Amino acid sequence: MKKNTRKSLILCLVMLVFCGLLCLLPDPYLNVTSTFPREKVRIEAVDNSLLSAVGITYNGVQPCQVTILSGEHKGETYSSYNYLNSALDKDKLFAPGETAWAMLQEGTNGLTITLIDHYRTTIELSTVGVLALALILFGGVIGCGAMVSLVASAVIVWKLLIPLLLEGLNPMIAAFVTVIVLTVIIDLLVAGFTKRCLVAILGSLAGTLTTCFAAVLLTHLLKLDGGDLPYVVPLLAQSSMGVDTRSLYIGMVFLANSGALMDLSMDVSVSMEEIRCHRPDLSRAALMKSGLTVGRSVLGTMTTTLMLAYSGNYLSMLMYFVGQGTPLGDIVNLKYVSSQLLNTLVGSFGLVVAAPLTALIAGFAYTGERPRRKVA
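Residues numbered from 1 in each chain as written. Predicted model: local features only at pLDDT ≥ 70, side-chain atom pairs only at ≥ 80, totals over all residues. Heavy atoms only, no water.

Caption draft 1: Focus on the overall build of the protein. Secondary structure assignment for the protein yields 11 helices and six strands. Referenced to the eigenvectors of the C-alpha coordinate spread, the extents of the protein come out at roughly 95 × 60 × 35 Å. When burial is assessed residue by residue, the protein has 36% of its 376 residues classed as buried. Surface summary for the protein: the accessible area is close to 21500 Å², and the carbon and sulfur share equals 66%. Taking the average place of the 26 positive charges on the side chains of the protein and the average place of its 24 negative ones, the gap between the two points comes to 19 Å. (Helix = DSSP H or I, 4+ residues; strand = E, 2+ residues; numbered from the N terminus. Buried < 20%, exposed > 50% of the residue type's maximum accessible area, 1.4 Å probe, protein only. Areas by Shrake-Rupley, 256 points an atom, 1.4 Å probe, with all protein chains shown as cover. Lys, Arg positive; Asp, Glu negative; His and termini not counted. Charge placed at Lys NZ, Arg CZ, Asp CG, Glu CD.)

See below:
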């Protein structure tokens, strides 16, 4: 086994242990309701006679007969009620034979079953497992590192970033530090302790600094305050107005764009290393020129990727505006449209800076030549 491969596997193992320890951290925000046991239940029968159709949604209550499939009450059958409030994004409608995720609550009147939603964990975990298998089969050690980096990113955001934000830490600072930590961890897991990793980290962080500056400047110029963020109103109520929504929005912007910056920097770094490997006689200037060519090509598609990603997420909103004949000038001046437009613009600025800087850094890192002094 090669030395770098062994180091990469050890790093993967260390990160998995670290993620496991993070998962053991107590959750300070669990309330009394959160501690009630959750179990899988099977819907045996439903009664839809008490539901009233409101367009494509329903209002009312759906009595259900359920059988508990796990836990100490496994096999027992109870009655439960599914309440619908004409909210398409939150309501769920059950049918006999379906599996649901439910909260069990012991009380003076016996066991109360509260249906939370359809049970999706098995399919979600199976999908993650198939993805992990595909990554490892195709990428080998690098694929293993990619999967571990995905897990580490999710755990760090869930167990560190979000609790720190809820404790009142400045969202911009917290998000920026998180991006730095994730960039280093992910690049190390994918590229190991190599020059290509160092080059990719430096190039990506240069782009991240650019996105930070651009996000702060543009939110000020566009007068965006983060008021359109999902669930921001209940979040403010929950935190007693203690969340700085503008800082949170800025932090979300460069956190969301950090992945694209990592991609671009790693692409340029690896490409230039491969060129240097096959053409060791290539001069520094020629190597940098090749890196810039690669960077320009990746930049062209990556910028479009950002635009499609954000417009794809809000396609239904754009359909609504176009369908009701809203003028384009009105659309681009709306706060929530401007917020998504800023996401794309800021990410593109970061990419424009990261590509040439990564090529410049790689040119010096992969060539042992020292810059020649000009003779007067």
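Caption draft 2: How the structure looks around the packing of aromatic side chains. Taken as a whole and judged by the stated rule, the model has four aromatic pairs. Pairing Trp101 with Tyr119 gives two aromatic rings, centres 5.6 Å apart and planes at 40°, and the pair type is tilted. You can see Trp101 sitting in strand 5 (residues 99-107) and its partner Tyr119 sitting in the loop between strand 6 (110-118) and helix 2 (121-139), a full 18 residues away along the chain. Overall, the relative accessible area of 30% leaves Trp101 in the partly exposed class. Judged by centre distance (5.6 Å) and plane angle (55°), the rings of Tyr320 and Phe321 are tilted. Given the relative accessible area of 53%, Tyr320 is considered exposed. Feature note: the residues Tyr320, Phe321 and Tyr336 constitute an aromatic cluster, connected by ring pairs. (Phe/Tyr/Trp six-rings, centres within 6.5 Å; stacked < 30°, edge-to-face > 60°.)

Caption draft 3: Fine view of the packing of helix 4 (residues 171-191) against helix 7 (residues 245-278). The N-to-C vectors of helix 4 and helix 7 enclose an angle of 20°; their axes lie 9 Å apart at closest approach. What the angle tells us is that helix 4 and helix 7 run roughly parallel. Judged by the sense of rotation from one axis to the other, the crossing of helix 4 with helix 7 is right-handed. Listed contacts from helix 7 to Pro171, Met172, Ala175, Phe176, Thr178, Val179, Leu182, Thr183, Ile186, Asp187 and Ala191 of helix 4 are Ser247, Leu248, Ile250, Gly251, Phe254, Leu255, Ser258, Met262 and Met266. (Axes fitted to C-alpha atoms, helices over the stretch in contact; angles between N-to-C directions. Parallel < 35°, antiparallel > 145°, perpendicular 65-115°, else oblique. Left-handed = near helix turned anticlockwise from the far one by under 90°. Contact = heavy atoms within 4.5 Å.)

Caption draft 4: Structural view of the pairing of strand 2 (residues 51-54). Pairing between strand 2 and strand 3 (residues 57-68): four bridges, direction antiparallel. The residue of strand 3 that forms the bridge with Leu51 is Gly60. Hairpin connection between strand 2 and strand 3: a loop of two residues separates the two successive antiparallel strands, and Gly55 in this loop has a positive phi of roughly 65°. (Pairing = 2+ DSSP bridges.)

Caption draft 5: Looking closely at the nonpolar core. Met15, Val148, Ile156, Ile185, Leu189 and Cys197 are the most contacted members of the largest nonpolar core, which totals 20 residues. Take this core: its biggest share by element is six residues, from helix 4. Residues within four places of Ile156 in sequence aside, it is in contact with Phe18, Leu22, Leu161, Thr178, Leu182 and Ile185. Leu261, Val268, Leu282 and Leu306 belong to the second-largest nonpolar core, a separate cluster that totals 19 residues. (Core = buried A, V, L, I, M, F, W, Y, C linked by side-chain atoms within 4.5 Å.)

Caption draft 6: Structural detail: the packing of helix 7 against helix 8 (residues 284-313). Packing of helix 7 against helix 8 brings their axes to within 9 Å, and their N-to-C directions diverge by 155°. One finds that helix 7 runs roughly antiparallel with respect to helix 8. In terms of crossing hand, the pair formed by helix 7 and helix 8 is right-handed. On the side of helix 7, the interface is formed by Ala256, Asn257, Ala260, Asp263, Leu264, Asp267, Val268, Ser271, Met272, Ile275 and Arg276, while helix 8 contributes Leu287, Met288, Ser290, Gly291, Val294, Gly295, Val298, Leu299, Met302, Leu306 and Tyr310. Partitioning the contact of helix 7 with helix 8 into residue classes produces 14 nonpolar, five polar and three charged. (Nonpolar A, V, L, I, M, F, W, Y, C, P; charged D, E, K, R; others polar.)

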